[in-house]
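Chain and residue survey
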Amino acid sequence: MPIDDIKPSEAVKPYMGNKADPKKRSFGKGGGQGHYGGSASASVQGGGEAVDDVTSFMNIPQEELTPAVSDAIISLMEEIDHLREELNLTHSFEDRLSHSLDRHMDLPVLTRHALVRELAIMAAHVGKTQTHSSFAYFQIANFAALKKQYGLLAGEAVIRETSQILKANLRETDRIGTLGGDGFGVVLALSDVAHSQQKLENLKAKVEQGPMFYDGCVLAVHVAYGVCAIHADQDVKEILKQVDVDLKGRLLTQ
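Attention in this report is confined to the structure presented alongside it. Nothing here was measured: the structure is a model prediction, and the numbers come from that model.

What counts as what
Residues numbered from 1 in each chain as written. Predicted model: local features only at pLDDT ≥ 70, side-chain atom pairs only at ≥ 80, totals over all residues. Heavy atoms only, no water. Helix = DSSP H or I, 4+ residues; strand = E, 2+ residues; numbered from the N terminus. Buried < 20%, exposed > 50% of the residue type's maximum accessible area, 1.4 Å probe, protein only. Polar contact = N/O pair within 3.5 Å; in protein donor to acceptor, adjacent residues only side chain to side chain. Contact = heavy atoms within 4.5 Å. Expected span 1.5 Å × (residues − 1). Pairing = 2+ DSSP bridges. Axes fitted to C-alpha atoms, helices over the stretch in contact; angles between N-to-C directions. Parallel < 35°, antiparallel > 145°, perpendicular 65-115°, else oblique. Left-handed = near helix turned anticlockwise from the far one by under 90°.

A word on the side chain of D102
Checked against the element boundaries, D102 lands in helix 2 (residues 67-102). By relative accessible area, which is 13% here, D102 ends up buried. Within the structure, the side chain of D102 is placed 2.9 Å from the side chain of R117, a separation counted as a polar contact. Excluding anything up to four places from it in sequence, D102 contacts V109, L110, T111, A114 and R117.

Some points on helix 5 (residues 152-168)
Here helix 5 spans 25 Å end to end across 17 residues, near enough to the 24 Å set by a 1.5 Å rise per residue. Residues A154, G155, A157, V158, I159, T162, S163, I165 and L166 constitute the buried set of helix 5.

Some remarks on the sheet that holds strand 5 (residues 183-188)
In space, the four strands of this open sheet follow the order 4-5-3-8, with antiparallel pairing throughout. Both outer strands of the open sheet, strand 4 (175-180) and strand 8 (223-229), are each paired with one neighbouring strand and no more. Put simply, the sheet's adjacent strands are angled 20 degrees from each other on average, direction ignored. By the bridge criterion, seven bridges tie strand 3 (residues 134-140) to strand 8 in an arrangement that is antiparallel. Paired with S134 across the bridge in strand 8 is A229. Set on the sheet, helix 7 (residues 236-253) makes contact with strand 3, strand 4 and strand 8; between it and strand 8 the angle comes to about 135 degrees.

With respect to the packing of helix 5 against helix 6 (residues 193-209)
Taken N-terminus to C-terminus, the directions of helix 5 and helix 6 make an angle of 140 degrees; their axes are 10 Å apart at the nearest point. Between helix 5 and helix 6, the angle falls in the class oblique. Note on packing geometry: the crossing formed by helix 5 with helix 6 is right-handed. Mapping the contact onto sequence places T162, I165 and L166 in helix 5 and L203, K206 and V207 in helix 6.

Everything listed here is a matter of geometry and, on its own, says nothing about what the molecule does.
Next comes the structure, spelled out in structure tokens:
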């Protein structure tokens with residue numbers, strides 16, 4: 001039987017009818033208070049009855065519950081407790097590691113991998129709930145020119161401040177992550193394209209108004225965006241392709 005299938009309340013449960021609450025019962029090794037401790041001659045601490053009154057323990061008949069058998073079961077239960085604690089610690093460590101891997105090292109946004117996963121989750125959610133959601137591609141349109149004029153560090157400062165502005169003005173239900181270079185992807189939950197476009201225009205204005213500074217200079221940042229609807233169970237690559245086409249179309253009309 002897998003370790004996780006053994007519940008603590010079932011591992012050492014003396015079947016004594018309604019005489020006492022099983023949760024209050026424990027076997028003490030040599031009369032002590034151990035969680036599983038004791039032998040067949042020990043007393044049950046919670047209800048005061050002797051083990052002789054117990055008809056069975058873990059489905060083992062009383063006549064077969066010799067001190068040697070009892071000690072073996074106690075050792076096994078203690079080892080199960082130890083393994084369960086180790087397993088819980090491992091799961092906790094995995095959760096923390098997964099969370100840290102989802103976060104970008106330098107920006108307050110998700111990594112590309114985590115963003116793609118959130119986009120896939122949203123596509124599945126749209127299919128289940130028949131609601132509207134959108135995906136936006138937010139890009140610093142003059143990033144190359146800024147980096148060429150002011151240098152690499154200036155470009156990094158622009159990306160950092162842009163991500164902070166976007167993050168601060170999105171809802172908790174929205175997800176923002178990097179798409180590499182000068183682009184950010186935004187999953188806009190429960191928002192159709194029309195409402196998402198209004199929100200993106202507002203974000204565009206906030207970023208461009210800044211002001212952003214680097215080395216005593218005011219940086220004139222220009223941004224562009226593309227947006228598309230997320231359809232039920234739509235493939236992530238297809239969503240990225242559609243939003244990229246919309247972004248390029250808007251850039252041509254500017």
